[in-house]
Amino acid sequence: MFFGVTSRSARGISAAVALLAIGAVGCADAIDSAKAGAKKAVRQRSVFSLAPGDCYNPNSGMTESEEFSVEIVPCEEAHEGQVVGEFDISGESEYPGEDGATKIADERCPAESQKFMADTWAVPEGVELFYYYPTSQSWKTGDRAVSCTYAKESGTFSGSLQNKSLTADQLAYLKGSNGVYEALWSNQPEAEQVEDDLAGYKKQAAAVSAALNTHLTSLKGVEQPETVKLRSQLEETAGAWKKAASAGNTDDFYVAYDLAFTGIDPNKTVAARKELKLATTVPKEDAEVWAS
């Protein structure tokens, strides 16, 4: 299976089972090395058998080739990645190609991962959303599985990423908030300029407007002060997205969009998140988008 990443730059990860050799070292070092090698060997698992919750280390680091197996480790140990979701590619009679498979994974892995880890702001720094997807050869054997993982390209992290014991208020906030940003990015037009695809940008605005209305409905049951303030601010923002969606020309769109986009700046949610005892550090990538 191939390993991909949900970012603008395509990258991959590969691992081949590596056995540690005992060289010209002292007896104690040789024994320790042999034990480490044996421990790693018994922890090997095919990428076809990965399951949500598995913490793992690739065997050969990040490369552009295929992944055959990984070392499964207890999550409390330092590791490079954790599987956070999975699904099967359906509706394809033939292999969709690497581009097609990665497009499917790009679209579905964010939502699948949120079932495992609702608060994506709590992801450790440097950990990104990656995925395993079928190769043309594994497709011929019936492989349709995509494994969504959070992994670190350099270094390790410890502990499971799974969110547990979230309150009803926390879940209500996260579900709605995640839906808003998912609507924004999953409907992003390819054209960089509104003038080149006004219809596409209006469609995106309509999707965000609908997601915001759902978010606002879920927040009605949360009566904590900062969250109430946020809901009031988002009501105005939802109106701006609605105006953008119905804009008759690019000028009208830009006027509405300026207020709409500024209104969902994640920095404006920090106070409510703090009140709800959720992570409060804006992810670096999001911070850069709204800063620009």
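Conventions adopted
Residues numbered from 1 in each chain as written. Predicted model: local features only at pLDDT ≥ 70, side-chain atom pairs only at ≥ 80, totals over all residues. Heavy atoms only, no water. Helix = DSSP H or I, 4+ residues; strand = E, 2+ residues; numbered from the N terminus. Buried < 20%, exposed > 50% of the residue type's maximum accessible area, 1.4 Å probe, protein only. Contact = heavy atoms within 4.5 Å. Areas by Shrake-Rupley, 256 points an atom, 1.4 Å probe, with all protein chains shown as cover. Salt bridge = Lys/Arg side-chain N within 4 Å of Asp/Glu carboxyl O. Expected span 1.5 Å × (residues − 1). Core = buried A, V, L, I, M, F, W, Y, C linked by side-chain atoms within 4.5 Å. Phe/Tyr/Trp six-rings, centres within 6.5 Å; stacked < 30°, edge-to-face > 60°. Lys NZ or Arg CZ within 6 Å of the ring centre and 35° of its normal.

Quick look at the overall build of the protein
Piece 1. The number of helices and strands found in the protein is nine helices and seven strands.
Piece 2. Scored against the burial criterion, the 292 residues of the protein give a buried share of 42%.
Piece 3. Of the contacts made within the protein by residues no fewer than 6 positions apart, 71% connect residues no fewer than 24 positions apart.
Piece 4. Carbon and sulfur atoms make up 51% of the accessible area of the protein, which amounts to about 15,000 Å² in all.

Section: the environment of Ala211
Piece 1. Tracing the backbone shows Ala211 in helix H5 (residues 198-219).
Piece 2. The exposure class assigned to Ala211 is buried, which follows from its relative accessible area of 15%.
Piece 3. In this structure, the C-alpha to C-alpha distance between Ala211 and Glu182, residues 29 residues apart in sequence, is 8.8 Å.
Piece 4. Excluding its chain neighbours within four sequence positions, the residues that come into contact with Ala211 are Gly179, Val180 and Ala183.

Looking at the pattern of salt bridges
Piece 1. Scanning all chains against the criterion turns up six salt bridges.
Piece 2. In this structure, Glu112 engages Arg108 in a salt bridge whose closest nitrogen and oxygen atoms are separated by 3.2 Å. Placement of both Glu112 and Arg108 in helix H2 (residues 97-116) is noted, with a separation of four residues, approximately one turn of the helix.
Piece 3. Note on Glu112: relative accessible area 11%, which makes it buried.
Piece 4. The closest approach of N and O atoms between Glu226 and Lys229, which form a salt bridge, is 3.6 Å. One end of the pair is Glu226 and the other is Lys229, both in helix H6 (residues 225-245) and three residues apart, which spans about a single turn.
Piece 5. Glu226 gets classed as partly exposed once you look at its relative accessible area, which sits at 28%.
Piece 6. A relative accessible area of 55% means that Lys229 is categorised as exposed.
Piece 7. By sharing partners, the salt bridges in this structure join Arg108, Glu112 and Lys115 into a single network.

Some words on H6
Piece 1. Its 21 residues give H6 an end-to-end C-alpha distance of 31 Å, which sits within 8% of 30 Å, the value for a rise of 1.5 Å per residue.
Piece 2. Within the span of H6, buried status applies to Thr227, Leu230, Arg231, Leu234, Thr237, Ala238, Ala240, Trp241 and Ala244.
Piece 3. Next to the buried residues of H6 lie helix H4 (168-186), H5, helix H7 (250-263) and helix H8 (270-275).

Regarding the nonpolar core
Across soluble globular proteins, nonpolar side chains have a tendency to be buried as a group.
Piece 1. With 33 residues, the main nonpolar core has Tyr173, Leu184, Val208, Leu212, Trp241, Phe253 and Ile264 as its most contacted residues.
Piece 2. Breaking this core down by element, the ones donating at least two residues are H4, H5, H6 and H7.
Piece 3. For this core, the element with the most residues is H5, which contributes seven residues.
Piece 4. Tyr173 has contacts with His215, Leu219, Leu230, Thr269, Arg273, Leu276 and Leu278, leaving out every residue within four places of it along the chain.

Some words on the packing of aromatic side chains
Piece 1. Within the structure shown, the criterion is met by 11 aromatic pairs.
Piece 2. Centroid distance Trp241 to Tyr257: 5.4 Å. Interplanar angle 85°. Geometry classified as edge-to-face. Of the two residues, Trp241 is situated in helix H6 and Tyr257 in helix H7; the sequence distance between them amounts to 16 residues. For the pair Trp241 and Tyr257, a shared accessibility class is recorded, and that class is buried.
Piece 3. The ring of Trp139 is capped by Arg144, whose NZ or CZ atom sits 3.7 Å from the centre of that ring.
Piece 4. Directly above the ring of Trp121 sits Arg273, whose terminal nitrogen or CZ lies 3.8 Å from the centroid.

By themselves, these are just geometric observations and shouldn't be taken as functional.
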